[in-house]
Amino acid sequence: MEMLMAVMPKMDRHSQEEPDVSDGTNVQRMIEQAQNTTEQAKEPSVLDGIHGEMKTAETGPKVNDDLAEMVNGLVQKGLSEQKLQDKLNKYPSPENCEALSKVRVNQLIWDNLQPNTRSQDLRFQKVQMALIKGMAAIVRATDTALAHVTTLPAGKEIVESMTDAIALCAHANSELNICRKELIKPDIHKDYKHLCSASVPSSS
C-alpha cells in the first residue's frame, strides 16, 4: 500500500479543478473565454472612441501637399489688397447668374443709417463681394467640367463636389444678408423694419 501511494501522483485541490479538455462543453467555454479576453484587450477606451469619431468627422483624405500648404496659408493669412483686387477683377459673374452680385442697401435707407452702422455694413459688403466672386469662379469651373464630364476622370464626382461648394457658399452669402439686415434694423423707421425680416428675399 505504501509503495502504491508513492508512485501515484499526489492529487490536490487545484488539480481536481482543472477542466477536462475532452468535455465538449468545457472546450467551448474556454474558447468563449479566450475570445472575450481578446476582445476586451483590443477594445479601445471610451475617449479613444470619441477622439476617433471627432477625427473622422473633422477631416477627410489627404490632398496634394502643395495644395494643402497653399490652402492653409490663405486661410490663416488671407490675401494682400492688391492680390485680392486682381482676383476680384478676374471673375465677373456669368451673364445669366443675376443673383451673383452685391446686395446694396436702398439709398433712402442708407442715407438715414448711423455712421457706425454704415461702416460695419461696408465691411460686410467687402466680405460678401469676395464670397460672390469666389462662387463665380467655382461656377465657371463647374461649367467647364460639365462640358467634359464624360471624358474627365472622376468627372461626376468633381461636378458634385463643385456644386456642393456652390451650395455652401450660397448659404454663407444668405447668412451674411441676414446679418446685414439685423445690423441696420435698429436704425430704420418702424414702418420699414419688416423689410429686414429674414423671410424677405434680398435683391441686388
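Residues numbered from 1 in each chain as written. Predicted model: local features only at pLDDT ≥ 70, side-chain atom pairs only at ≥ 80, totals over all residues. Heavy atoms only, no water.

What follows is about the overall build of the protein. Along the backbone of the protein there are nine helices and zero strands. Element order for the protein, N to C, with α for helix and β for strand: α-α-α-α-α-α-α-α-α. Across the protein, every contact between residues at least 6 apart in sequence was considered, and the portion connecting residues at least 24 apart equals 66%. Accessible surface for the protein amounts to roughly 16,300 Å². Of this, 57% is attributable to carbon and sulfur atoms. (Helix = DSSP H or I, 4+ residues; strand = E, 2+ residues; numbered from the N terminus. Contact = heavy atoms within 4.5 Å. Areas by Shrake-Rupley, 256 points an atom, 1.4 Å probe, with all protein chains shown as cover.)

Within the largest apolar cluster, eight residues are counted, these being Leu-100, Leu-131, Ile-132, Met-135, Ala-136, Val-139, Cys-169 and Leu-176. When contributions to this core are tallied by element, the ones reaching two or more residues are α8 (115-147) and α9 (155-184). A total of five residues in this core trace back to one element, the largest contributor, which is α8. (Core = buried A, V, L, I, M, F, W, Y, C linked by side-chain atoms within 4.5 Å. Buried < 20%, exposed > 50% of the residue type's maximum accessible area, 1.4 Å probe, protein only.)

For helix α5 (residues 65-77), which comprises 13 residues, the first-to-last C-alpha distance of 18 Å matches the rise-based estimate of 18 Å (1.5 Å per residue) to within 8%. Between a side-chain oxygen at the N-terminus of α5 and the backbone nitrogen of Asp-66 the separation is 2.8 Å; the capping residue is Asn-64. Two residues or fewer after α5 comes Gly-78, characterised by a positive phi angle close to 75°. (Expected span 1.5 Å × (residues − 1). Polar contact = N/O pair within 3.5 Å; in protein donor to acceptor, adjacent residues only side chain to side chain.)

On to the side chain of Asn-173. By secondary structure assignment, the location of Asn-173 is in helix α9. With relative accessibility at 11%, the residue Asn-173 sits in the buried group. Leaving out residues up to four positions away in the same chain, Asn-173 has contacts with Gln-128, Leu-131, Ile-132 and Met-135.

Contact pair helix α6 (residues 81-90) / α8: the axes reach a minimum separation of 10 Å and the direction vectors enclose 50°. By the angle class used here, α6 and α8 are oblique. Viewed along their axes, α6 and α8 form a crossing whose handedness is left-handed. Mapping the contact onto sequence places Glu-81, Leu-84 and Leu-88 in α6 and Lys-126, Met-129, Ala-130 and Lys-133 in α8. A breakdown of the residues in the contact of α6 with α8 according to their chemical character gives four nonpolar, no polar and three charged. (Axes fitted to C-alpha atoms, helices over the stretch in contact; angles between N-to-C directions. Parallel < 35°, antiparallel > 145°, perpendicular 65-115°, else oblique. Left-handed = near helix turned anticlockwise from the far one by under 90°. Nonpolar A, V, L, I, M, F, W, Y, C, P; charged D, E, K, R; others polar.)

Below, the discussion takes up the confidence of the model for the protein. Detailed conclusions should not be drawn from predicted coordinates in areas where pLDDT is low. Here the protein shows a mean pLDDT of 80. Residues at 70 or above account for 71%. Scored below 50 in pLDDT, residues 1-24 shows five contacts in the model against residues more than four places distant or in partner chains. Scored below 50 in pLDDT, residues 37-42 shows zero contacts in the model against residues more than four places distant or in partner chains. (pLDDT = per-residue confidence, 0-100.)

Along its 33 residues, α8 runs 48 Å from first to last C-alpha, staying within 8% of the 48 Å computed at 1.5 Å per residue. For α8, the set of buried residues is Thr-117, Asp-121, Gln-125, Gln-128, Leu-131, Ile-132, Lys-133, Met-135, Ala-136, Val-139, Thr-142 and Ala-145. Looking at the buried residues of α8, the elements they touch are α6, α7 (107-111) and α9.

Before going further, it helps to examine a nonpolar patch on the surface. Side chains of Val-63, Leu-67, Met-70, Val-71, Leu-74, Val-75 and Leu-79 sit close together on the surface and give an oily, nonpolar patch of about 600 Å² of accessible area. Within the secondary structure, Leu-67 sits in helix α5. (Patch = residues over 30% accessible without salt bridge, like charges linked within 9 Å, V, L, I, M, F, W, Y side chains within 5 Å. Salt bridge = Lys/Arg side-chain N within 4 Å of Asp/Glu carboxyl O.)

Turning next to the pattern of salt bridges. This model, assessed by the stated rule, comprises two salt bridges. Notably, a salt bridge pairs Glu-81 with Lys-126, separated by 2.9 Å at the nearest N-O pair. Of the two residues, Glu-81 is situated in helix α6 and Lys-126 in helix α8; the sequence distance between them amounts to 45 residues. A residue is classified by how much of its surface remains accessible, and Lys-126, at 46% relative accessible area, is partly exposed. Where Arg-180 meets Asp-121, a salt bridge forms, and the shortest distance between an N and an O atom there is 2.8 Å.

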